[in-house]
Amino acid sequence: MNPTTDRNQQLFDRARALIPGGVNSPVRAFRAVGGTPRFVQRAQGAYFWDANGARYIDYIGSWGPMILGHGHPRVLEAVQRAVMEGFSYGAPTEREIELAEEIAKHLPSVEMVRLVSSGTEAAMSAIRLARGATGRSRIVKFEGCYHGHADALLVKAGSGLATFGHPTSAGVPPEVVQHTMVLEYNNIAQIEEAFATHGKEIACIIIEPIAGNMNFVRASVPFMKRCRELCTQHGALLVLDEVMTGFRVALGSAQSVYAKSLPGFQPDLTVLGKVIGGGMPLAAFGGPRAIMERLAPLGPVYQAGTLSGNPVATACGLATLKEIADPAFFPALAQKTRTLVDGLKGAAAEAGIPFAADCEGGMFGFFLLPELPRNYPSVMQSDSPRFGRLFHGLLDRGVYIAPALYEAGFVSAAHSEDDIAQTVQAAREVFKTLG
Ligand code: PMP
């Protein structure tokens, strides 16, 4: 598009003068795929419109929260009513209890809930609680999983189990990550070795049950089973980071999906965000009473927030959770997501493009690889230049997927069969050009 009339470009130029990289969260900058980020003017249902007035079918949905699509009438009404009653009080409200009740109702592992404002805060606080509750320092995370940008979690694997991880960000001193062990996702032998060597020092394992930050990689059932067993045997806590999967892959979240194969499966702590706020800044962590009551003001583990349990955000989250609790909601969403994934697979096969895809509930992922990867090193083998061409081909055809290989996709209740069919048709056209 002509730079003198491209309003996205004009806004990007203006943004870059004031905001580092022109964006307030890095992946929005299109660094991996090149080109000009689309500045959103408004959104409705399954679509958003950019600053040039172009419409896109939205498969990001604010990176997960918009499970009902944009501007759902009942959510909008709840938010409007809440806004009229005040933006923030710094004193408790009934709606916080209602939201906590709604979360606990669907997650048997959660007896008590603490609300916060971002997934980063929720994961960071859950880890502090796990350390406080166990009196231990070490934590285990897995390569390719993201748990927000708290210092101790910005770490990649060292050269072996015996070595400490390395910070993945400047500004994180090595000492700060010295208690974080980074292991390979789905590698049972490594986690067994870690517990055999350091079992008494490990406060928790934190894991994305379906890792949405390396696109879409499931923890295998045997791996999840072993994580659960090792935590129980060694007195460590299993922390499921369900910021992305919570109320997105199923009403009972990913833990309910694992409980189907592993009867009685429950994490000790669950970290939530995204869908529970319906697009407002809201996140949470929860677990059994005995652990959660270690938090201030009852216990010694400090945690707080000026905007925690914000009355507008809780209204939005509550209205969203009420909609998705309809028993017909998730089967319909899952079916739609499955239709999209199968359609994309078919289109890629017609064009002879290596393609593997998976989905659960309203979350999906695909790779330009012949098989689904099981861990981060195999995700890294995906064809990045080809992905960039696929991304831009779809974008030109009005389909907005994540502008990076390592991100999952999201379908909402607002996506119609026609939207899905249009998306598959767009992909069919683009795949033919990728050869
Ligand atoms: N955990 C997971 C699994 C996430 O996907 C994210 C964000 N994408 C976070 C934590 C951090 O959440 P936030 O961006 O709200 O801080």
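Owing to the predicted nature of the structure, the values given are computational and were not obtained by experimental measurement.

## A short note on the UniProt feature "modified residue: N6-(pyridoxal phosphate)lysine" (unreviewed entry) in the chain
Piece 1. Residues annotated in UniProt with the feature "modified residue: N6-(pyridoxal phosphate)lysine" (unreviewed entry) correspond here to Lys274.
Piece 2. Structurally, Lys274 can be placed in the loop between strand S13 (269-272) and strand S14 (283-287).
Piece 3. Lys274 sits in the buried class, given 27 other C-beta atoms within 10 Å.
Piece 4. Each residue touching Lys274, except ones within four places of it in the same chain, is listed here: Gly64, Pro65, Gly119, Val243, Met244, Gly246 and Arg248.

## Some details on the pairing of strand S8 (residues 180-183)
Piece 1. What you see with S8 is no split at all: Thr180 and Val182 on one side and Met181 and Leu183 on the other are buried throughout.
Piece 2. As paired strands, strand S5 (residues 138-142) and S8 are joined by 4 bridges and run parallel to one another. Bridging across to S8, Phe142 finds its partner in Leu183.

## Focus: helix H6 (residues 221-234)
Piece 1. Between its first and last C-alpha, H6 extends 20 Å over 14 residues, near the 20 Å set by a 1.5 Å rise per residue.
Piece 2. Within the span of H6, buried status applies to Met224, Cys227, Arg228, Leu230 and Cys231. With its buried residues spanning 165° around the axis, H6 presents them on a single face. Away from the buried face of H6 by more than 90 degrees, exposed residues Pro222, Thr232 and Gln233 are located.
Piece 3. Packing partners of the buried residues in H6 comprise helix H5 (188-198), strand S9 (202-207), strand S12 (237-242) and helix H7 (253-261).
Piece 4. Residue Gly235 follows H6 closely and has a positive phi angle near 70°.

## A short note on the sheet that holds strand S1 (residues 40-44)
Piece 1. The strand order S1-S2-S3-S17 describes an open sheet built from 4 strands, whose pairing is mixed. A single partner strand is all that each edge strand has here, and the edge strands are S1 and strand S17 (399-400).
Piece 2. Relative to strand S2 (residues 47-50), S1 runs antiparallel, the two being bridged by 4 bridges. Along S2, the bridge assignment pairs Ala43 with Phe48.

## A word on the site of the ligand
Piece 1. By nearness alone, 16 residues border the ligand, and Ser118, Gly119, Thr120, Gly148 and Val243 come closest of all.
Piece 2. Counting residues per element, the shell around the ligand draws most heavily on helix H4 (residues 119-134), at 3 residues.

## Quick notes on the environment of Asp6
Piece 1. In this fold, Asp6 is placed in the segment before helix H1 (7-18).
Piece 2. A count of 16 C-beta atoms within 10 Å places Asp6 in the partly exposed class.
Piece 3. Here Asp6 is in contact with Met1, Thr36 and Asn52, once residues within four sequence places are set aside.

Scoring rules and cut-offs
- Residues numbered from 1 in each chain as written.
- Predicted model: local features only at pLDDT ≥ 70, side-chain atom pairs only at ≥ 80, totals over all residues.
- UniProt positions renumbered as here; feature names shortened; annotations may be inferred.
- Helix = DSSP H or I, 4+ residues; strand = E, 2+ residues; numbered from the N terminus.
- Buried ≥ 20, exposed ≤ 12 C-beta atoms within 10 Å, placed from the backbone.
- Contact = placed C-beta atoms within 7 Å.
- Pairing = 2+ DSSP bridges.
- Expected span 1.5 Å × (residues − 1).
- Arc of directions from axis to C-beta.
- Near = placed C-beta within 6 Å.

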